Every structure is written in structure tokens, then in C-alpha cells.
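# Remarks on the overall topology
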Amino acid sequence: MYQQVSEAATEAGFQSDRVGRVAGDDLWIWTRRASTPDATVVFLSSGIHGDERSGPEALIRLLEMANWDDAYDWVVMPLLNPSGWRLNRRENADGVDLNRDFLRRSAAETNALIDWWRHQSKPCSIHLSFHEDWEADGFYLYEIATGPGPSLAPSILMSVAGDFPLQSEGPVDDHALCAPGWITHAPDPDEPEGWPEAIWLTRTWPVRSYTFEAPGRLPLAQRIDSLISAGSAALNFLSKPPSGLNEKF
Ligand SMILES: [Zn+2]
């Protein structure tokens, strides 16, 4: 996994940063700096849940094929949960669901990521997170917006809907859909103590956060492709916002 990421990221002009070592595994973040110092920071994150195989695979393909705009600072964390990935399970080897650990910070992986961000000179402004939902028939996303700028959701969903079903029936984990595939979420955790990464980010800084959920009932190759479609659409939107949208991120 890391070898593939390393090759694709290096080829795309990213630099590696070792952010920690947990139970024999190095944790890596890849960064690609913009041509200007005040650029917006975009964070792509996957592999928090080790049994959701499509996220890291989609990120590798995006590293290989995407057009990484020099106008942004890009931060890529392809695999936060290497022990869970090896065991093919949601939690890490100690049984911690890392995506509920951003308030408690009981896991070394969570602490490594948070500490890395604390040492950056600029905050995260846009967050794209790659997951899958084993129960879902269609693709959907969570949008949590505490930051400025237009919503990326319509462009992302239009792109995915060209080739994949969107989740049309709610509620999904008690969340109503505001349109097919689209859940808007307040920056409040569903469980008071169980903060996901997206909640921590959106409560720490003004962030526009998009958590993609590939439909678990589709085969792996299609789950990967649906996430690539969503990620590509987000990157295209950032590079060339649809005309008429003048709000800045
Ligand atoms: Zn997940």
C-alpha cells in the first residue's frame, strides 16, 4: 500500500512527512505546496477504517491521474489505520474506532494526526474524506460546513450520478437526505464523546468538509471508481469553479 502511494505521490510532486510510528507501522502524510504562500489548504484523508478498502485505492488512483492545481496546498493522508488495514477491520489493532476518537484521543494514530496539524502554519480549509458504507445501495456524502465558499456537493453528486446510483432513501444512520446522496450535518458529533475526524476539523477551524460514502453493496472496483469520480469532481471544482460562483474559500 505505502509503496504504491509513495510512487504515485512522488510522481505527482508530493513530499513525504513521517508523522508517527504506531505498533511497527510508520504513519505518512504527503504534501504538495502551492506556488503562493497564502494558498488554501485542502486535506484528503482515507484509511481510517481498515475494512473500507476502496478509500486508499481511490486515493492512489487520484494521485496517479488527478490534476493537482498549483493554486492550492494539498495534504494527503492515505492510511491512518495501518493495523486495521492489515487485519481488514474497522478499528485499529487495539479495537479503537479512530473516527470516533478525535475528542478522547486515546489512540496514537489520532494523536499523531492532530499533532501534525497543530504544527502547521496554516489551518485546513477543505476536507475530502473517503469512506464506504457496507449497508448503502447508493453513493452519498456528508457535508459539514463551518468555512466560507460555495458548496461542492452538487458538482460532486452530479459527477457520481453519471455512473453510479445515489442513495435516494433515508434516513441514513438517522440522518435525513436533503437531496439524493446529500446529507448536510451540523458540526456536532452524533455521540457526544465520539468525535469523527470531520467534526474535529470543522470545530477547530472554518472548514468545508465532505465525507464520501461509497455504496458497500457494489463490487470493490465500482466502489473505488465512485470515490474517484467524487474526488475528481471536487478537484475540478476547486480548479475551475462553475461560472457565477464568486465566493472564495
Ligand atoms: Zn468509514
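Residues numbered from 1 in each chain as written. Predicted model: local features only at pLDDT ≥ 70, side-chain atom pairs only at ≥ 80, totals over all residues. Heavy atoms only, no water.

## Brief notes about a negative patch on the surface
On the surface, E135, D173, D174 and D190 cluster together into a negatively charged patch. In this structure, D173 sits in the loop between α5 (153-161) and β7 (182-184). (Patch = residues over 30% accessible without salt bridge, like charges linked within 9 Å, V, L, I, M, F, W, Y side chains within 5 Å. Areas by Shrake-Rupley, 256 points an atom, 1.4 Å probe, with all protein chains shown as cover. Salt bridge = Lys/Arg side-chain N within 4 Å of Asp/Glu carboxyl O. Lys, Arg positive; Asp, Glu negative; His and termini not counted. Charge placed at Lys NZ, Arg CZ, Asp CG, Glu CD. Helix = DSSP H or I, 4+ residues; strand = E, 2+ residues; numbered from the N terminus.)

## Concerning the layout of surface pockets
Where empty space is left becomes clear once a probe the size of a water molecule has been rolled over the atoms. Of the voids in this model, the largest pocket is the one considered here, and its volume is about 680 Å³. Lining the largest pocket are 28 residues, with R90, R100, Y142, D173 and E213 positioned closest to its centre. Of all elements in the fold, only β5 (126-133), β6 (140-145), α6 (197-204) and β8 (208-215) reach the threshold of two or more residues within the lining of the largest pocket. Within the lining of the largest pocket, the residues separate by chemical class into 7 nonpolar, 9 polar and 12 charged. The computed volume of the second largest pocket comes to approximately 170 Å³. (1 Å grid on protein atoms, 1.4 Å probe; cavity = no way out; pocket = protein on both sides within 12 Å on 5 of 7 lines; lining within 4 Å. Points joined across faces, edges and corners; volume = space filled by probe spheres on them. Nonpolar A, V, L, I, M, F, W, Y, C, P; charged D, E, K, R; others polar.)

## Description of the side chain of S129
As for its placement among the helices and strands, S129 is situated in strand β5. Judged by its relative accessible area of 2%, S129 is buried. Side chain to side chain, S129 and H131 meet in a polar contact 3.1 Å long. (Buried < 20%, exposed > 50% of the residue type's maximum accessible area, 1.4 Å probe, protein only. Polar contact = N/O pair within 3.5 Å; in protein donor to acceptor, adjacent residues only side chain to side chain.)

## A word on the nonpolar core
Counting 43 residues, the largest nonpolar core has L44, W68, L128, I156 and F212 as its most contacted members. When contributions to this core are tallied by element, the ones reaching two or more residues are α1 (2-11), β3 (41-46), α2 (54-65), β4 (73-77), β5, α5, β8 and α7 (220-239). Looking at this core element by element, the count peaks at 9 residues for α7. Setting aside anything within four residues of it in sequence, one finds I156 in contact with L141, Y210, F212, A230, A233 and A234. Ranked by size, the runner-up nonpolar core spans 27 residues in total, among them I48, L113, I114 and W117. (Core = buried A, V, L, I, M, F, W, Y, C linked by side-chain atoms within 4.5 Å. Contact = heavy atoms within 4.5 Å.)

## Considerations on the coordination of the zinc ion
Coordination of the zinc ion by the protein comes from H49 (ND1), E52 (OE), E52 (OE) and H131 (ND1), over a distance range of 2.1 to 2.3 Å. For the zinc ion, the 4 donor atoms are set out with angles of 57 to 149° between them, so the coordination reads as irregular. Counting along the primary sequence, the residues that act as donors to the zinc ion give the motif H-x2-E-x78-H. Residue H49 is located in the loop between β3 and α2, and its partner H131 is located in strand β5; the two are separated by 82 residues in the primary sequence. One exposure class covers both H49 and H131, and it is buried. (Donors = N, O, S within 2.8 Å, 3.2 Å for Na, K, Ca; no water. Tetrahedral: all angles 85-135°; square planar, octahedral: opposite > 155°, others 65-115°.)

## Brief notes about the pattern of salt bridges
Taken as a whole, this structure holds 16 salt bridges when the rule is applied. The shortest N-O distance in the salt bridge between R21 and D26 comes to 2.8 Å. For R21, a relative accessible area of 52% gives the class exposed. Look at D26 and you get partly exposed, because its relative accessible area is 22%. Shared partners join several salt bridges into a network, and the residues in it are R18, R21 and D26.

## Remarks on the sheet that holds β3
Taking strand neighbours across the sheet as the criterion, the 8 strands line up as β1-β2-β4-β3-β5-β8-β6-β7 in an open arrangement whose pairing is mixed. Of all strands in the sheet, those with a lone pairing partner are β1 (15-22) and β7, marking the two edges. Direction aside, neighbouring strands of the sheet carry axes that sit 20° apart on average. Direction of pairing for β3 relative to β4: parallel, over a ladder of 5 bridges. Paired with L44 across the bridge in β4 is V76. Against the sheet, α6 engages β3, β5, β6 and β8, with an angle of about 165° to β5. (Pairing = 2+ DSSP bridges. Axes fitted to C-alpha atoms, helices over the stretch in contact; angles between N-to-C directions.)

## Some thoughts on the environment of A186
Mapped onto the elements, A186 comes out in the loop between β7 and α6. Spatially, the C-alpha atom of A186 lies 23 Å from that of A233, the residues being 47 residues apart in sequence. If near-sequence neighbours (up to four positions away) are discounted, A186 is found in contact with I144 and I199.

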